Amino acid sequence: MIEIELDGKKVSVAEGSVVMHAADAAGITIPHFCYHKKLSIAANCRMCLVDIEKAPKPMPACATPVTQGMIVRTKSDKALKAQKSVMEFLLINHPLDCPICDQGGECQLQDLAVGYGASNSRYEEEKRVVFHKNVGPLISMEEMTRCIHCTRCVRFGQEVAGVMELGMIHRGEHSEITTMTGGTVDSELSGNMIDICPVGALTSKPFRYSARTWELSRRKSVSPHDSTGANLIVQVKGGKVMRVVPLENEAVNECWIADRDRFSYEALNSERRLTTPMIKQGGQWKAVDWNTALGYVADGLKRIKSEHGPAAIGALATPHRTVEELHLLAKLVRGLGSENVDTRLRHADFSNTAPPGYARWLGLPVAELSTLDRALVIGSFLRKDHPLFAQRIRQAARRGAQVFSLNAAHDDWAMPVAGRVTAAPSGWAQALADIAGYVATARGVAAPANALVNEAAKAVADALLSGERKAVLLGNAAAQHPQAATLLALAQWIAEQTGAKLGYLGEAANTVGAQLVNAVPGDGGLNAGQMLGAPMKALLLLDVEPVLDAANAAAARAAMNGAGLVVALTSFEDAAVDNADVLLPIAPFSETAGTFVNAEGRVQSFHGVAKPLGESRPAWKVLRVLGNLLGLPGFGHESSEEVLAEALGDLAAVPARMDNRSAVPLTLAPSAPNGLERIADVPIYSTDALVRRAVSLQRTADAAPPVIGVSTALAQRMGLVPGAEVRVSQGNGATLLPVRIESTLADNAVRVSAGHPVTAALGAMFGPISIEKA
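Residues numbered from 1 in each chain as written. Predicted model: local features only at pLDDT ≥ 70, side-chain atom pairs only at ≥ 80, totals over all residues. Heavy atoms only, no water.

1. Observations regarding the overall build of the protein
Convention followed: Secondary structure elements follow DSSP: runs of H or I no shorter than four residues count as helices, runs of E no shorter than two count as strands, and numbering proceeds from the N terminus. To get the radius of gyration, use the C-alpha atoms; to get the globule rule, take the number of residues to the power 0.38 and multiply by 2.2 Å. Burial classes follow relative accessibility: with a 1.4 Å probe on protein chains only, a residue under 20% of its type's maximum area counts as buried, one over 50% as exposed, and anything between as partly exposed. In this analysis, two residues are considered to be in contact whenever any of their non-hydrogen atoms come within 4.5 Å of each other. For accessible areas, the Shrake-Rupley method is used with a probe of radius 1.4 Å. Any residue's cover is judged against the shown protein chains and nothing else. By the counting rule applied here, Lys and Arg register as positive and Asp and Glu as negative, while His and the ends of each chain are not counted. By convention, charge coordinates are those of NZ in Lys, CZ in Arg, CG in Asp, or CD in Glu.
If you tally the helices and strands in the protein, you get 22 helices and 34 strands. Taken over C-alpha atoms, the radius of gyration comes to 28 Å for the protein, in line with the 28 Å a tight globule of 774 residues would show. Viewed in the frame of its principal axes, the protein has a C-alpha envelope of about 90 × 65 × 55 Å. Here the protein holds 774 residues, and the buried ones make up 60% of them. If you take every contact in the protein between residues at least 6 apart in sequence, the share linking residues at least 24 apart comes to 72%. For the protein, the accessible surface area stands at approximately 29,600 Å², while carbon and sulfur atoms represent 52% of it. Side chains of the protein give 75 positive and 78 negative charges; the mean places of these two sets differ by 2 Å.

2. Observations regarding the sheet that holds strand 12 (residues 231-237)
For clarity, the threshold we go by: A pair of strands is labelled paired if DSSP reports no fewer than 2 bridges between them. With axes taken as lines fitted to C-alpha atoms, and helix axes fitted only over the stretch in contact, angles between N-to-C directions fall between 0 and 180 degrees.
Here three strands make up an open sheet; going across it, the order is 11-12-13 and the pairing antiparallel. Edge positions in the sheet fall to strand 11 (217-222) and strand 13 (240-246), since each of these pairs with one other strand and no more. Recorded for the sheet is a direction-independent mean angle of 35 degrees between the axes of neighbouring strands.

3. A closer look at the sheet that holds strand 5 (residues 71-73)
Across the sheet, five strands lie side by side as 2-1-5-3-4; this open sheet has mixed pairing. Lying at the two open borders of the sheet, with one neighbouring strand each, are strand 2 (9-13) and strand 4 (59-60). With two bridges joining them, strand 3 (residues 49-52) and strand 5 adopt antiparallel strand pairing. Of the residues in strand 5, the one forming a bridge with I52 is V72. Strand contacts of helix 2 (residues 77-92): strand 3 and strand 5, with the helix running at about 160 degrees to strand 3, the strand carrying the most contacts.

4. A short note on the pattern of salt bridges
Going by this rule: Put simply, a salt bridge is a Lys or Arg side-chain nitrogen that is within 4 Å of an Asp or Glu carboxyl oxygen.
Counted under the stated rule, the structure contains 45 salt bridges. The network of salt bridges with common partners includes R272, R346, E545, D549, D574, R692 and R693.

5. Some points on the UniProt feature "domain: 4Fe-4S His(Cys)3-ligated-type" (unreviewed entry) in the protein
Rules: UniProt positions are given in the numbering used here, feature names are shortened, and annotations may be inferred rather than shown by experiment.
Per the UniProt record, "domain: 4Fe-4S His(Cys)3-ligated-type" (unreviewed entry) is annotated on residues 78-117. Here residues 78-117 is 60% helix and 0% strand, with 16 Å between the C-alpha atoms at its ends.

6. So, the UniProt feature "domain: 4Fe-4S Mo/W bis-MGD-type" (unreviewed entry) in the protein
Cross-referencing UniProt, the feature "domain: 4Fe-4S Mo/W bis-MGD-type" (unreviewed entry) maps to residues 216-272 in the present numbering. Across residues 216-272 one finds 9% helix and 35% strand; the C-alpha atoms that close the span lie 24 Å apart.

7. Observations concerning the packing of helix 7 (residues 290-308) against helix 19 (residues 619-629)
When two helices pack together, their arrangement is given by the angle between the helix axes and the distance between those axes. Formally: Roughly parallel covers angles under 35 degrees, roughly antiparallel covers those over 145, roughly perpendicular covers 65 to 115, and oblique covers all other angles. Crossing chirality is assigned from the near helix's rotation relative to the far helix, an anticlockwise turn below a right angle marking it left-handed and a clockwise turn marking it right-handed. Each residue is assigned to one class: nonpolar for Ala, Val, Leu, Ile, Met, Phe, Trp, Tyr, Cys and Pro, charged for Asp, Glu, Lys and Arg, and polar for all the others, Gly among them.
It is the contact of helix 7 with helix 19, at a shortest axis distance of 9 Å, that shows an interaxial angle of 55 degrees. Between helix 7 and helix 19, the angle falls in the class oblique. Along this stretch, helix 7 crosses helix 19, giving a crossing that reads as right-handed. On the side of helix 7, the interface is formed by W290, L294, G295, V297, A298 and K302, while helix 19 contributes V622, V625, L626 and L629. Class assignment for the residues of the contact of helix 7 with helix 19 results in eight nonpolar, one polar and one charged.

The following block contains the structure:
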């Protein structure tokens, strides 16, 4: 530690710190614009100039290292004169449009100009003007004349998002920030540039001109999308969600959120919201009151139970719903005598289950992802599946960590990747066995399975055998894989032998919570694949759109068309639920209290930030009343806190209920037959009901219609060129898709996205597929 004197105070800071760090530690505010604690030092705004004894001129606090005995004055005449001079230069070209600026009221320049600016300008020359730029549907660069060239946005792209989409061109007062290629800003983290911009140059295009900051009430919440559990501040005006920004939590999301966390709120205000219960009569939807709708559902369930037995009743829920809702849904189904309840909608191997009451999890705290030395990521489209986890692993890679990928397709993760093991999905288990074989040889132990010569696998093994902080992480595709249990068993063996931590990245906001409350089938119960593979006499759907959420879209459509009573608890009147009989309007996450358990097992509760729209109600209340109408015991909860206490019990005991141990014997299936295999990702803006209906997100590049990815070798064999249409067939379904050639794709694999209406005619996310020229 080094001790310095700062404005007369003795302050101790770590060696290598700068004056700005010492000021933060002492609680002293130094004005600044370009400095940001999560970004590299640029020292280009000069607003943080301070008076350092024995220095010939004022020095930037953000870039001046501390030395023992240094004396710093931040409020001396010398420092204040320098700071005011800088402010005068910053305001020379800045437009005087605060009244119409979306940043007004929360603008750093506005705040600091009060203390360091003059009451009038001495500048009489012509001001510069920067023409506006269209960089996509999320970020507005309409008033770039306001830009003060702090370069925060440029550094964010390079250092956090991993993609340098913005840069500075020209020099002097002609400098301007623009996209480097003249295109759009497409990063899945791009909205954070809006937060870190200290002026009104980068603003939110969906929020633009819709409210003033002082009109908004601010309420805490948790993201309902991926397994990070990002903390949010939801800003509300007149009972309507107007904007979502990050709530800083260093242990979870730091000060960042993904674009789907930020902009999916548009769906909450959609005209397609379901606001009253609906019953289908004579093929037409009729609005009814809650008593009529719930009475109809209760009578139907009683009748089906009486005529066909409780096993004819099932329930499916999305893992994006809360602990309370999933617990009551499972309790209701079991109260009827059925064990048919599941949330693993896109899975294919249902033997890969934690013991009852336990859950598969990340295997380490989220924050530790940033400190890894070695990481093997299996079956993950990491950057789009888990933007904030990818950001943390990117920081580790920037510090020298070696990151490896095992997949059929290797997207650009916007980070250095030390090695890639490429195999079609049916070859993933063998690829892991190859890595295990090299580990076994190095450690002098027996290998768990027959290994083949594989130089890429050897590089992974050698890396995992070195380093200190290591992790083997299974992604969404590994969890959804037909051999998921085998992949886990092999990954567990590798992790144990190399001293690495083993974990699942997690598919949804409440994947862990769903397992903890046993929203999975019990003994003799049907799993999601079985309930979506054959018609049920009665099916309760909690925020599920079967054709878009199922592992096998074609089978789900057929099953739904043959089903009996279908009850959809949904927030949207256009929910993709074929053959539904009843629509019950339930509140989205913003209009209900609830709890999510993120990938690391962190329990995070939140309150509704707005009143339920129209006649919609929190799903836990709907399920409670339905349980009462069915005459089931234990449905007398008065609050969501009561439901949570019953669902999870002692919250302090939750960390002890995390379990990634494989309970399945380690056996390798025979090698896959010849032919093409499908590898399916779920596009980032097709994962759940909210992002599918967020208008601005659906205008982004990531929401473009699906294409079929083929390897370079396959394209050459078939004479395919980019953009050419091919007929894609799987099972009894087929569709036409344009070709995209992917150089990293396994030769015998083709990539066709799931979760999208364009590909909903096709079958399983993994399995044989055929293509031919259209």
